[in-house]
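Residues per chain are reported as follows:
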Amino acid sequence: TSSQMWPASPLRPFPAWLALLFLVSAEQHQYCIIGAGPAGVQLGHFLKHAHRDYVISERQARPGSFFEHYPRHRKLISLNKRKVRDDRSAEFAFRHDWNSLIDVREESLRTKPVTERSKVLFPHASVLSEYLQEFAAEQQDHIRYNTEVLKVLPVQSAESRFELQLSGTGLTRCHCQELVLATGFFLPRSGAEKVDGSELLLAYEDLPSSGEPFEGKAVMILGQGNAALETAQELQQYTSEVHLLARGRALPEGGSGVRLAYQTHYVGDIRAGRTTILDTYLLKSLDTFDFDALDNERLALVPCEGRLCVWAVDASDCIDRRCRENHEKSGQNLNYKLHIGSAAAGSELHERMTDIATRYPEGTELEDIDSNFWDEGNARLTSHDLDTMGLDPEVFNVSYVELRVSSKLLRQDPSLAAEVALLRRQAGGHDNIRFPMDAVIRCFGWTFDADILDSSFQVNLTHNGKYPKITTSWDVEGVPGMYAAGTISHSLDFRKSAGGFIHGFRYTSRALFRLLEERNFGTAWPQQSWKIALSCGVPGAMDVHDRHGPHGPSVSPSCMAGGLTAPMEPVVDHLLERINSASGPYQMFEFLGDMLLLEANASQLHLRMLEEVPLLHFHERYKDTARLTWVFRYNDNFHGPAVMSRDRVGATRVEEAHNSKFLHPHLAFFPAHSATPTMRHWLVEDVFTQWRGPDDRQPLLKFLTRAAANVTGM
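Here the structure is a predicted model, which is why all the values come from computation and not from measurement.

Caption draft 1: Highlighting the sheet that holds strand 19 (residues 399-406). Pairing within the open sheet is antiparallel, and its three strands lie in the order 17-19-18. Whereas interior strands pair on both sides, the edge strands pair on one side only; in this sheet they are strand 17 (337-344) and strand 18 (364-370). Within this sheet the neighbouring strands show an average axis-to-axis angle of 25 degrees, counted without direction. Sheet topology note: the strand 18/strand 19 ladder contains seven bridges and is antiparallel. In the strand pairing of strand 19, Leu 366 is matched with Leu 403. On top of the sheet, helix 11 (residues 348-359) reaches strand 17, strand 18 and strand 19; it is set at about 145 degrees to strand 17, its chief contact. Along the sheet, helix 14 (residues 414-427) contacts strand 17 and strand 19; its crossing angle with strand 17, the most-contacted strand, is approximately 50 degrees.

As C-alpha cells, then:
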C-alpha cells in the first residue's frame, strides 16, 4: 500500500521513519463506524461479540455525548417503564424499556439497564449518558475518542473502499472496506428559510438548561417539534408570555395542524407531557400557540427598543426585485413593506403617523382606508341575521389611515424603529405579534451533515434534506459499502415506527448487523424451520430445526386425521410465543416482522420462520417464494380525535378482529411471485398485548393450515 501512496524516488530515498509513520497513521479495518452515540455503540456491541474487525471514531471524549447536552432542559421523552406483570418474560418487559440497548452478554455481565437506574418515568438525560458510557466500556479498544472525521474519501484497492481523514489523535488516516454512518444529527436548521433576520435568533442548542434567565420576559419560540414544546414548558415557569409559532404538519386524517403523538401513534410527534402550552393558551393565560403561522408567511425581525419587533410577511409585501427573487430562497435583509397600524382619521395617532411619513418620505406609505363591514366573513350575512343579532353595520362606517414602513429603513434607523414599536403597540389592531419580544428562539430541528463525505460519493438527501437517501437494507444509495445506522436511517419508517429513537434503532442496528453477517460471512439469518412429510411412511416425517440444530418428534401428517393441521401445531406455538413476547416487531410495527417461508415439493413441505426481518427488503428477496408475514399494526383509520372517541375500540370478539383499531397482530399470506397478499388474518386488539387463549390459537392454526394447503395443494 505504501508503494502506491508514496512512490519512492532515486534522488530522495524514502526514509524508514516516514514509512513507519505511514503504517501507524493508516490503520486498516473491515468496518469503520463514525459516531459513538447509541447507534454506533449498539452496532459495535454486535460486531465485538461476533469477533469482527471494526473501529469507531468519536469526536467527543465520551460515548453518547449528545445526551450530555440534549435535550437542553434535560428531561427525556423516552419512557422508563420499570415494571410489568410478574408472569411476563424479560423480552416482553424490554418492549417497554425505551432507553436501554440490546445486550447479548450473559446476564451477569450485562450493563445495568436504565430501568434499574432511575424510578422516574421520564428520567434526567444524565442517567442515559452514564448508562451509555458504561455500556460502551467493553469496546474501549475499538473506540477512538477525541477523533474527528474530517473527510471520507473513496479508495480504489482490494483491501479498502474508504479512507477516513482524521484529526485529534496521532492517527491521521484510517482505511476500511465498509463504512457505517452513525453520526446522528448535529447540524441545526438555521431558520433562514422562515425568518429574515435569522442572525437575531437564539438557537435551541445554545439555551441554558434552566429557563430562569428569561424571568419576566416575553419570548417567541419557533417550531412545532418536541424541542420547541420542551423549551416552552421550561420557560413558562419564568416568562410573562410565551408565543409558539410554527407551520402546520400533515395529519393522517388529512389537512394540516398539530401532530400529537397520542393521536398519530408516532413517538416523534408532540408528546402529551410537553403540551402545557395548550393549557396556558386555551385556558387564557396569555401564552399562544399559532401552529400554522408559518405555513405561507415568513417572519421579519427588526431590533427595536432593545428587543425584537416581529412581522409576518409574504411575497406581496416585497418592495423591490431583490426581495421578490429571494423571499422564498431564505433571503436575508430583504426590503418588506411592514404594517405598523391604523388610526382614525383626524386622531392623535393619525397625526403621529403623518409626522413619521413626512420625516421619512422614502420608505413610508400612509394610505386612507374606508372600513367595509361587508368584506370577507360578513359577506353572507342577511338582514335577518343582522336583526337576530341586533347588529348595526353603520357603527363600523369609519375612515382610517394605515402606516407602512420599509424594513430596510427600520434596520437603518434604530430611533425610528423604537418610535414605530411604541406606535404599533397603540395602533396595531389585534395582530397577535404586535408587541416586541425579548427573545425569539429557533427550534427547527437538525439535519444530516454530509460535508464530511467527498463530493464524488454524490449522496442524495431526502425529507427536505434531513436524511441520507438509503435502500431498504440501509445501504447509502449509490455508494457500495456505505451504510446508515441510527436516527439518520429513520427515513425508512419516518412518522411511522420508532426508528429514529433508541427503542427503535436498537433493532434496525441489529438488522443491519445481520445483513452484514449474511453478506460477508455467510451467517444465516436467525430462524426456525420445520420439515413436514407429505406422504406416509417417510422416516422423520417432521424434523424441527432452529438456529442451534434439530429437535422434535417425527410425524407423518397424511397418515393422520386432519391432514396438515397436527404438523402445524408447533409452528403455531412458536408463532404465538413470538407475538406475545418479541420486542422488535412491537416497537418497529409494520416495518420489522417475522416471515414464514413455505416451500414444497412432491414429498415435503419446508417451513422457515425468519425472525425480525426488514419486511420491504425481504419481500423483494423472497418475491418468488410463498411467504407469510406477521406484524403489529394499528387500524388505518385509528388516528386523530377518533383515538379518544366512544368508538375507539374496534373489536372485542375474535370473529370481528379485522375491525381492530388498537395495536394488534396482522398476518398476511403472499403466494409465490405475488406482491399482494391473497389471505389475511387478524388477532383481536388487546390492551395487554397478550394472545394466549384458545379463541386466538384455533383460528390462527386454521389460517396457517390454509396457507400450507395453498402451497402443497392438499
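Caption draft 2: Examining the nonpolar core more closely. Grouped together as the largest cluster of nonpolar side chains are 101 residues, with contacts concentrated most on Leu 164, Leu 179 and Met 482. Ranked by residue count, the leading element in this core is helix 15 (residues 502-521), at eight residues. What Leu 179 contacts, discounting residues up to four positions off in sequence, is Cys 32, Ile 34, Val 152, Phe 162, Leu 164, Gly 481, Met 482 and Tyr 483. Among the nonpolar cores identified, the runner-up in size contains 36 residues, and Trp 530, Leu 598, Phe 638 and Val 643 belong to it.

Caption draft 3: Representation of unusual backbone geometry in the model. For the peptide bond that leads from Tyr 70 to Pro 71, omega is -15 degrees, which places it in the cis range. Turning to its location among the elements, Pro 71 is positioned in the loop between helix 4 (66-69) and helix 5 (90-94). Of note, the phi angle at Arg 74 is positive, near 75 degrees, even though the residue is not glycine. Among the secondary structure elements, Arg 74 is positioned in the loop between helix 4 and helix 5. Notably, His 673 is not glycine yet its phi reads approximately 70 degrees, a positive angle. Take His 673: its relative accessible area is 63%, and that puts it in the exposed class.

What counts and what doesn't
- Residues numbered from 1 in each chain as written.
- Predicted model: local features only at pLDDT ≥ 70, side-chain atom pairs only at ≥ 80, totals over all residues.
- Heavy atoms only, no water.
- Pairing = 2+ DSSP bridges.
- Helix = DSSP H or I, 4+ residues; strand = E, 2+ residues; numbered from the N terminus.
- Axes fitted to C-alpha atoms, helices over the stretch in contact; angles between N-to-C directions.
- Contact = heavy atoms within 4.5 Å.
- Core = buried A, V, L, I, M, F, W, Y, C linked by side-chain atoms within 4.5 Å.
- Buried < 20%, exposed > 50% of the residue type's maximum accessible area, 1.4 Å probe, protein only.

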